[in-house]
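# Breakdown of the fold
Okay, here's what each chain looks like letter by letter:
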Amino acid sequence: MNPIKEKSRSLENNFLPLKKMYPRSYNKLKTSPYTKTRVILMNGTEFESQWFMHNFARHCDNTEIVSALAIVRRQEQQQQKRISCLKPINESILETTIAYEQLAIDLTAVLAKHEKDENNIKALNFALLEDFDHLYRYANLLKTDKNEDADILVGKYTEIMPGRPTIAEHRYPADDIKPHMDAQKADLYSKLVASTITAAEQQTMNYYMNIAQWYKNDLGRKLYAEIAMIEEAHVSQYESLKDPTMSWLEQWVMHEYCECWLYYSAMQDESDVAIKKIWTEHFKMEVTHLKTAAKLLKKYENKTFESVCGNGEFPQLLKLGGNKEYIRKVLAGTVTLTADNTQKHPDYKDVRKIPDDHRFFDYQKFMSGKPEQNASHLVIERAIQRLGKDYRYQDSEHPVKELRNRKKDNVTVARTK
């Protein structure tokens, strides 16, 4: 499949009428967990696209380009509003949050499993364990606040148990920045990986940034605020992987190509007939958007679509699903890592082997020096007090010995020497 070769309608005939912007919501009790995660992913993809175009417009004085951005951006906004309304009214903040974290886990894992770029793989595996731990913390909040079992919401496709403890994830911000790829040399799939995971994590960050104040108790509000800071770190890491030397027009082409790839992937994978139709309609809209951006790239920079996207044929399509064994392997091998940019070559280091004066420890003391006061710790302690042990869903014993105790939350793994 090559989207640039697909037939498309004119840009002016690509708008959605208001009546199509409010579709029937999915049934939260019957819909596949991966339909819910696709809804979140495509919502985040559309937000990233229109936000990029706003920033592009603010740095451009070409009337034709700014006008085209305005038209495409409005259509992307319509798509985003349509997707966001697929979430049902009766789905709670926490229920939606469980879907956000399942997306973060299984999207990250499946992207990493098919990736060849070592820099990307390391970044994905590193953040994977942190989102995995977030699911565990939110699942315990859901159990103690609502008496709901999160394993039902994730369809038992994703295990729920500790990852790299959230309390250990607070790092000096500069350590999250990684070397960026060279867009001229990078594999097309690697460029799609960086674009996709940045949009997905940004959507999670935005959700937590804006939802914390709406939670109904102090512990929940504090937990959302704490984890939102980690999501910000993830966005910083992932966006740093992208090539910042690409021109605005080249980046626009890449954004539109990524959307085409994601919608086409969703079309192939979707089990809900009504939602599959939406993905199909949006894919056709994105083909028009891609051609619009490519035409302007050629006109104003004399660069071809192929200079950004190669021959244009889609690489491996994105198929969401369970990744239990992969996650267990990453957990067992990398749970004690932290990010380190203090050396000439940024990398990930074992906390037990970095110098005592490393800025990680200073930042840890400042941010979470008293574990007993941190929400990510308190939510587990409360669950242990009320339930006799923490809430988990796991198929077998935890792969990390230090994280097997269900009656005591570990606050030293990946945090102290």
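Per the secondary structure count, the chain includes 13 helices and two strands. Taking 22 Å as the expected radius of gyration for a compact globule of 417 residues, we find that the chain reaches 21 Å, a close match to that expectation. When the 417 residues of the chain are sorted by exposure, 60% land in the buried category. Look at the contacts in the chain between residues 6 or more apart in sequence, and 83% of them connect residues 24 or more apart. In the structure as shown, the chain presents an accessible area of about 18000 Å², 52% of it carried by carbon and sulfur atoms. Here the chain contributes 62 positive and 59 negative side-chain charges, whose respective centroids are spaced 4 Å apart.

To continue, consider empty space enclosed by the protein. Applying the stated rule across the entire model yields three cavities of 30 Å³ or more. Taken as a whole, the largest cavity holds about 80 Å³ of empty space. Surrounding the largest cavity, Thr45, Glu48, Ser49, Ser195, Thr196, Ala199, Lys242, His255, Cys258, Glu259 and Leu262 form its lining. Broken down by secondary-structure element, the contributors of at least two residues to the lining of the largest cavity are helix H1 (33–57), helix H6 (188–211) and helix H8 (248–269). Take the lining of the largest cavity: its biggest share by element is four residues, from H8. Residues that form the lining of the largest cavity fall into these classes: three nonpolar, five polar and three charged. By volume, the second largest cavity is sized at about 60 Å³. Counting only elements with at least two residues in the lining of the second largest cavity, the list comes to H1 and H8. Per element, the largest residue contribution to the lining of the second largest cavity is four residues, and it comes from H8. When the residues that make up the lining of the second largest cavity are grouped by side-chain class, the tally is six nonpolar, one polar and two charged.

A few words now on unusual backbone geometry. Of note in this structure, Asn147 is not a glycine but carries a positive phi near 55°. If you trace the backbone, Asn147 turns up in the loop between helix H4 (118–146) and helix H5 (150–153). The backbone phi angle of Asn302 is positive, close to 55°, even though this residue is not glycine. Looking at where Asn302 falls in the secondary structure, it is placed in the loop between helix H9 (273–301) and helix H10 (305–309). Take Asn302: its relative accessible area is 58%, and that puts it in the exposed class.

Within the structure shown, the criterion is met by 27 salt bridges. A salt bridge links Asp151 to Lys156; the nearest nitrogen and oxygen atoms lie 2.3 Å apart. Using a relative accessible area of 8% as the deciding quantity, one classes Asp151 as buried. Residue Lys156 is classed as partly exposed on the basis of its relative accessible area of 37%. Here Lys324 makes a salt bridge to Asp395, at a shortest N to O gap of 2.8 Å. Pair noted here: Lys324 is in helix H11 (residues 324–334) and Asp395 is in the segment after helix H13 (375–387), with a separation of 71 residues, a long-range link. Overall, the relative accessible area of 19% leaves Lys324 in the buried class. Linked by salt bridges that have partners in common, Arg38, Asp269, Glu270 and Lys319 make up one network.

Over its 22 residues, helix H3 (residues 93–114) extends 32 Å from the first C-alpha to the last, a length consistent with the 32 Å expected when each residue adds 1.5 Å. Burial within H3 is extensive, with 19 of its 22 residues counted as buried.

This part covers the nonpolar core. Counting 117 residues, the largest nonpolar core has Trp252 and Trp279 as its most contacted members. Leaving out residues up to four positions away in the same chain, Trp279 has contacts with Arg38, Val39, Met42, Ile83, Leu86, Tyr263, Ala266, Met267 and Glu270.

In this structure, strand S1 (residues 337–340) lies alongside strand S2 (residues 347–350), joined through four bridges in antiparallel fashion. In the sheet register, Thr338 faces S2, and the bridge partner there is Lys349. Adjacent in sequence and paired antiparallel, S1 and S2 are bridged by six residues.

Within the secondary structure, Met285 sits in helix H9. Given the relative accessible area of 0%, Met285 is considered buried. On a C-alpha basis, the gap between Met285 and Met367 in space is 45 Å, while along the polypeptide they are 82 residues apart. With sequence-adjacent residues up to four places away left out, Met285 is seen in contact with Arg9, Asn14, Leu16, Gln75 and Gln79.

In contact at an axis separation of 9 Å, H1 and helix H2 (residues 63–84) are set at 160° when each is read in the N-to-C sense. Considering their axes alone, H1 and H2 lie roughly antiparallel with respect to each other. Helix-helix and strand crossings are classified by hand; for H1 and H2 the assignment is left-handed. Contacts between H1 and H2 involve Val39, Met42, Asn43, Glu46, Phe47, Ser49, Gln50, Met53, His54, Phe56 and Ala57 on the former and, on the latter, Ile65, Val66, Leu69, Val72, Arg73, Glu76, Gln77, Gln79, Gln80, Ile83 and Ser84. Along the lines of polarity and charge, the residues of the contact of H1 with H2 split into eleven nonpolar, eight polar and three charged.

A few words on the packing of aromatic side chains. Evaluation of the coordinates by the stated rule reveals 22 aromatic pairs. When the ring of Tyr34 is compared with that of Tyr157, the centres are 5.3 Å apart and the planes differ by 50°; the resulting orientation is tilted. With Tyr34 in helix H1 and Tyr157 in the loop between H5 and H6, the pair connects residues that are 123 residues apart, well separated along the chain. Judged by its relative accessible area of 40%, Tyr157 is partly exposed. Grouped by ring-pair contacts, the aromatic residues Tyr100, Tyr138, Tyr207, Tyr208, Tyr215 and Tyr224 constitute a single cluster. For the cation-ring pair, Lys178 lies above Tyr348, with the distance from its terminal atom to the ring centre recorded as 4.3 Å.

Procedures and definitions
- Residues numbered from 1 in each chain as written.
- Predicted model: local features only at pLDDT ≥ 70, side-chain atom pairs only at ≥ 80, totals over all residues.
- Heavy atoms only, no water.
- Helix = DSSP H or I, 4+ residues; strand = E, 2+ residues; numbered from the N terminus.
- Rg over C-alpha atoms; globule rule 2.2 N^0.38 Å.
- Buried < 20%, exposed > 50% of the residue type's maximum accessible area, 1.4 Å probe, protein only.
- Contact = heavy atoms within 4.5 Å.
- Areas by Shrake-Rupley, 256 points an atom, 1.4 Å probe, with all protein chains shown as cover.
- Lys, Arg positive; Asp, Glu negative; His and termini not counted.
- Charge placed at Lys NZ, Arg CZ, Asp CG, Glu CD.
- 1 Å grid on protein atoms, 1.4 Å probe; cavity = no way out; pocket = protein on both sides within 12 Å on 5 of 7 lines; lining within 4 Å.
- Points joined across faces, edges and corners; volume = space filled by probe spheres on them.
- Nonpolar A, V, L, I, M, F, W, Y, C, P; charged D, E, K, R; others polar.
- Salt bridge = Lys/Arg side-chain N within 4 Å of Asp/Glu carboxyl O.
- Expected span 1.5 Å × (residues − 1).
- Core = buried A, V, L, I, M, F, W, Y, C linked by side-chain atoms within 4.5 Å.
- Pairing = 2+ DSSP bridges.
- Axes fitted to C-alpha atoms, helices over the stretch in contact; angles between N-to-C directions.
- Parallel < 35°, antiparallel > 145°, perpendicular 65-115°, else oblique.
- Left-handed = near helix turned anticlockwise from the far one by under 90°.
- Phe/Tyr/Trp six-rings, centres within 6.5 Å; stacked < 30°, edge-to-face > 60°.
- Lys NZ or Arg CZ within 6 Å of the ring centre and 35° of its normal.

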